[in-house]
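Listed here are the chains, written in short residue letters.
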Amino acid sequence: MSKVEKNVQSMIFKKYDIKTQDIILERNKGRAIWFVNTEKGKMILKKFSRPEPWTKFIIAGMEYLGKNGINIPKIYFSSENKPYTVYNSSCYILMEVIDGRPPRYNNMDDLKAIVKELGKFHNASKGFVPPDDSGGTIDLLGKWPDMMMSGLKIMYYAYEIGKWEKRNLELRDVIVRELPYLIERTKQIILALKDSKYTSWVERARKEGSLCHLDYARYNLRITPNNKVYIFDFDTLAMELPVTDIRKLIFHIYYTNLYDKETISKVLSWYQQCNPLTKEEWQVAKLILLYPIEVIISLEKYIKINRHQDKNRIMNLAIKAIETEKRLYSDLKNFDKVVNKIVMKS
């Protein structure tokens, strides 16, 4: 543990009315996390990757979801009666440790549980109003058209670079073979989004309240021994349409190769049972599901590779994202049929 990390640890725990017995420092995605044994049980201290105004917004959202029945780890208040502490302009939160395991996508009971919990999460967020003192609402509603245009530019640029790629010939072949189609598909999605009910859904979501986790995947979920689903890591919480979380989860299932030909049908059906969407909303969802956002994120990293980064890893991630998108698109061809069926049932 570095001297800086020891200072952080010492200064922060002074702000809590707890007696620490043992502290273990670990790192997750480059961020320091402290696991703490106390007389009140096991706790975890983590640094928020957001500035204080956004931290206030996120914690307000977490508290609102918790009051509406969503399972979220308990947040411990400091001696100043705040749900977070500030040290050197960074925010830290202290939470309980949940005894549980990550869900398995290829276990139908686990998958059903986390999909239904996602539907409940979105339903529970309705009515949320950011607190006046947050000063930093994270609002992504209505941003998809601009995001898609930016993504299109990234794919064009990646294609121009990728077709001359010499370090990784497999990536060059994949880019030359697959990217022209993804570019064309994205153009069609942008046009279709303009003619869809996207804008009216955004306006309704803004009035009703609509929170998204934005990183709803197995590594941020735990299933407890009594089969409750707990949700973690709310750093990315934002006002956004629920389909963004559905897209993330489905892509991650396909990315890990833990799916079958009925996976999408089951996910949409289970979700509809807990947070019913209209047929028009599902048609908007289809466009966002077809937009290759994870491919674009990986290609942007490829474009920006610097000499300090693992080039092979970044390039191989881009290959995997493109191949995953290809498999996902193939299984989305029955989307309309599935939606018609689940909407009629709900």
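Below, the structure is looked at part by part. (Residues numbered from 1 in each chain as written. Predicted model: local features only at pLDDT ≥ 70, side-chain atom pairs only at ≥ 80, totals over all residues. Heavy atoms only, no water.)

## A word on unusual backbone geometry
- Look at N81: it is not a glycine, yet its phi comes out positive at around 60 degrees.
- Residue position: N81 is located in the loop between β4 (75-76) and β5 (85-87).
- Judged by its relative accessible area of 60%, N81 falls in the exposed class.
- Phi angles above zero are rare outside glycine, and N227 is one such case at about 65 degrees.
- Note on placement: N227 falls in the loop between β8 (221-223) and β9 (229-231).
- The exposed category is assigned to N227, whose relative accessible area is 59%. (Helix = DSSP H or I, 4+ residues; strand = E, 2+ residues; numbered from the N terminus. Buried < 20%, exposed > 50% of the residue type's maximum accessible area, 1.4 Å probe, protein only.)

## A closer look at the packing of helix α5 (residues 169-194) against helix α9 (residues 279-290)
- In the contact formed by α5 and α9, the axes pass within 10 Å of each other and the chain directions differ by 155 degrees. Here α9 runs roughly antiparallel to α5, going by the angle between their axes. In this structure, α5 crosses over α9, and the sense of that crossing is left-handed. Where α5 abuts α9, its residues R185, I189, A192 and L193 lie against V284, L287 and L290. (Axes fitted to C-alpha atoms, helices over the stretch in contact; angles between N-to-C directions. Parallel < 35°, antiparallel > 145°, perpendicular 65-115°, else oblique. Left-handed = near helix turned anticlockwise from the far one by under 90°. Contact = heavy atoms within 4.5 Å.)

## Concerning the nonpolar core
- One finds F234, I250, L268, W282 and L299 to be the most contacted residues of the largest nonpolar core, which totals 97 residues.
- When residues in this core are grouped by element, the largest group, nine residues, is from α5.
- Other than its neighbours up to four places away in sequence, I250 contacts I264, V267, L268, L289 and L328.
- Grouped together as the second largest cluster of nonpolar side chains are 14 residues, I12, I18, A32 and L45 included. (Core = buried A, V, L, I, M, F, W, Y, C linked by side-chain atoms within 4.5 Å.)

## Considering the pattern of salt bridges
- Taken as a whole and judged by the stated rule, the model has 19 salt bridges.
- Between D110 and R101 there is a salt bridge, with the nearest N and O atoms lying 2.7 Å from each other.
- Taking relative accessible area as the criterion, D110 reaches 5% and is therefore assigned buried.
- Salt-bridge contacts for K163 lead to E160; the nearest nitrogen and oxygen are separated by 3.2 Å.
- On the accessibility criterion, K163 (29% relative accessible area) is partly exposed.
- The network of salt bridges with common partners includes R177, E178, E323 and K326. (Salt bridge = Lys/Arg side-chain N within 4 Å of Asp/Glu carboxyl O.)

## As for helix α3 (residues 108-124)
- Between its first and last C-alpha, α3 extends 24 Å over 17 residues, near the 24 Å set by a 1.5 Å rise per residue.
- Of the residues making up α3, those classed as buried are D110, L111, I114, V115, E117, L118, G119, F121, H122 and A124.
- Buried positions along α3 lie against α2 (52-67), β7 (211-212), β8, β9, α7 (243-255) and α8 (263-274).
- The backbone nitrogen of D109 lies 3.0 Å from a side-chain oxygen of the residue at the head of α3, namely N107. (Expected span 1.5 Å × (residues − 1). Polar contact = N/O pair within 3.5 Å; in protein donor to acceptor, adjacent residues only side chain to side chain.)

## Comments concerning the packing of α3 against α7
- With their axes 11 Å apart at the nearest point, α3 and α7 run at an angle of 165 degrees to one another. Classed by the angle they form, the pair α3 and α7 counts as roughly antiparallel. Crossing of α3 against α7: the hand is right-handed. Contact residues: α3 offers L111, I114, V115, L118, F121 and H122, while α7 offers D245, I246, L249 and I253.
- Grouping the amino acids of the contact of α3 with α7 by side-chain chemistry returns eight nonpolar, one polar and one charged. (Nonpolar A, V, L, I, M, F, W, Y, C, P; charged D, E, K, R; others polar.)

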